[in-house]
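# A structural walkthrough
So the chains spell out like this:
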Amino acid sequence: DIVLEASEWARSVEATFKGAKHVKKGKKKIWEVFTNENSNLTESCKCLGANARRFGLHNGWDFFEPSHRKKFMRMLEEDAPDEVWLSPMCGPWSSIQELNAITPEGRAKLVAKRALHHRHILMFAADVYEYQRTHGRHAHLEHPRYARSWHTKAFRRMQGHKSHFDQCMYQLQIPGYGYLKKP
């Protein structure tokens, strides 16, 4: 029954939290990866007193470049952020992209685009996520619920709790800041 399922879920979440290392005292360090220069999440975190930082094309981080991925992983190890929020671009993984694949040429282009994106972006996102998790820190990955990316090798290897949120449905807001909306 539903009450039993909720109780089991609550015990599972409680066990996960007990297993996580305690976050150091002081300002929380939060990194947002694959973002733009006007991200509401980073600004909201700063308003709440966190030390928040963005990583995206706007400030020189091109994660298709191996040297950028390597440098980021070194920084991740050295700086040990409390939270890492990953929002890799979802375009190639949208089911709507399959409308472009109605011809053999279109299908071949989509398969090649997804393979490249998987190899460089999704695998990197999964590496960051798993690094944070295995070091007792937090990572969050945001992608559309029905994106094909959830069926990839990269995303399937990530361990943790899956959640589905419709931010508009719940009118997500930050106290004193307002609505937290993504474009």
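Residues numbered from 1 in each chain as written. Predicted model: local features only at pLDDT ≥ 70, side-chain atom pairs only at ≥ 80, totals over all residues. Heavy atoms only, no water.

A word on a positive patch on the surface. A surface patch of positive charge is lined by Arg53, Lys70, Lys71 and Arg74. Here the element with the most residues in the positive patch is helix 3 (residues 66–79); it accounts for 3 residues. Its relative accessible area of 42% is what places Lys71 among the partly exposed residues. (Patch = residues over 30% accessible without salt bridge, like charges linked within 9 Å, V, L, I, M, F, W, Y side chains within 5 Å. Areas by Shrake-Rupley, 256 points an atom, 1.4 Å probe, with all protein chains shown as cover. Salt bridge = Lys/Arg side-chain N within 4 Å of Asp/Glu carboxyl O. Lys, Arg positive; Asp, Glu negative; His and termini not counted. Charge placed at Lys NZ, Arg CZ, Asp CG, Glu CD. Helix = DSSP H or I, 4+ residues; strand = E, 2+ residues; numbered from the N terminus. Buried < 20%, exposed > 50% of the residue type's maximum accessible area, 1.4 Å probe, protein only.)

On to the sheet that holds strand 1 (residues 29–33). Strand order in the open sheet formed by 4 strands is 2-1-3-4, with parallel pairing between adjacent strands. This sheet does not close on itself; its edge strands, each paired only once, are strand 2 (51–55) and strand 4 (138–141). This sheet shows a mean twist of 15° between the axes of neighbouring strands, independent of strand direction. Looking at chain direction, strand 3 (residues 83–86) and strand 4 are connected through 4 bridges and run parallel. Within the sheet, the bridge partner assigned to Leu86 lies in strand 4 and is Leu141. Against the sheet, helix 2 (residues 40–47) touches strand 1, strand 2 and strand 3, its axis set at about 165° to strand 2. Across the face of the sheet, helix 3 comes into contact with strand 1, strand 2 and strand 3 while running at roughly 165° to strand 1. (Pairing = 2+ DSSP bridges. Axes fitted to C-alpha atoms, helices over the stretch in contact; angles between N-to-C directions. Contact = heavy atoms within 4.5 Å.)

Turning to the confidence of the model for the protein chain, a few remarks are in order. Chain-level pLDDT for the protein chain is 83 on average; 76% of the residues reach the 70-or-more range. At the level of individual helices and strands, the protein chain shows its lowest average pLDDT in helix 1 (residues 2–19), which scores 59, and its highest in helix 3, which scores 97. (pLDDT = per-residue confidence, 0-100.)

Moving on, we come to the pairing of strand 4. Burial of the side chains of strand 4 is restricted to one face: Ala139 and Leu141 are buried, whereas none of His138 and His140 on the reverse face is. One crossover worth recording links strand 3 to the parallel strand 4 by way of helix 4 (residues 104–134), and it is right-handed. (Right-handed = clockwise from strand over helix to strand, strands pointing away.)

For the rest of this paragraph, the subject is helix 2. Those residues of helix 2 that fall on the buried side of the exposure criterion are Leu41, Thr42, Ser44 and Cys45. Taken down its axis, helix 2 places every buried residue within 165° of arc, on the same side. Between the side-chain oxygen at the start of helix 2 and the backbone nitrogen of Leu41 there is a gap of 3.3 Å, and the oxygen is on Ser39. Gly49 sits one or two residues past helix 2 and shows a positive phi near 95°. (Arc of directions from axis to C-beta. Polar contact = N/O pair within 3.5 Å; in protein donor to acceptor, adjacent residues only side chain to side chain.)

When the charged atoms of two side chains lie near each other, side chains of opposite charge can form a pair. Under the counting rule described, the total for this entry stands at 6 salt bridges. Linking Glu43 and Arg54 is a salt bridge whose minimum nitrogen-to-oxygen distance equals 3.0 Å. Residue Glu43 is found in helix 2, and its partner Arg54 is found in strand 2; the two are separated by 11 residues along the sequence. Its relative accessible area of 29% is what places Glu43 among the partly exposed residues. Ionic pairing is found between Glu130 and Arg133, a salt bridge with its closest N-O pair at 2.6 Å. Highlighted residues: Glu130 and Arg133, both in helix 4, separated by 3 residues, approximately one helical turn. Residue class for Arg133 comes out partly exposed when judged on its relative accessible area of 33%. Through salt bridges with shared partners, one network takes in Glu98, Arg114 and Arg148.

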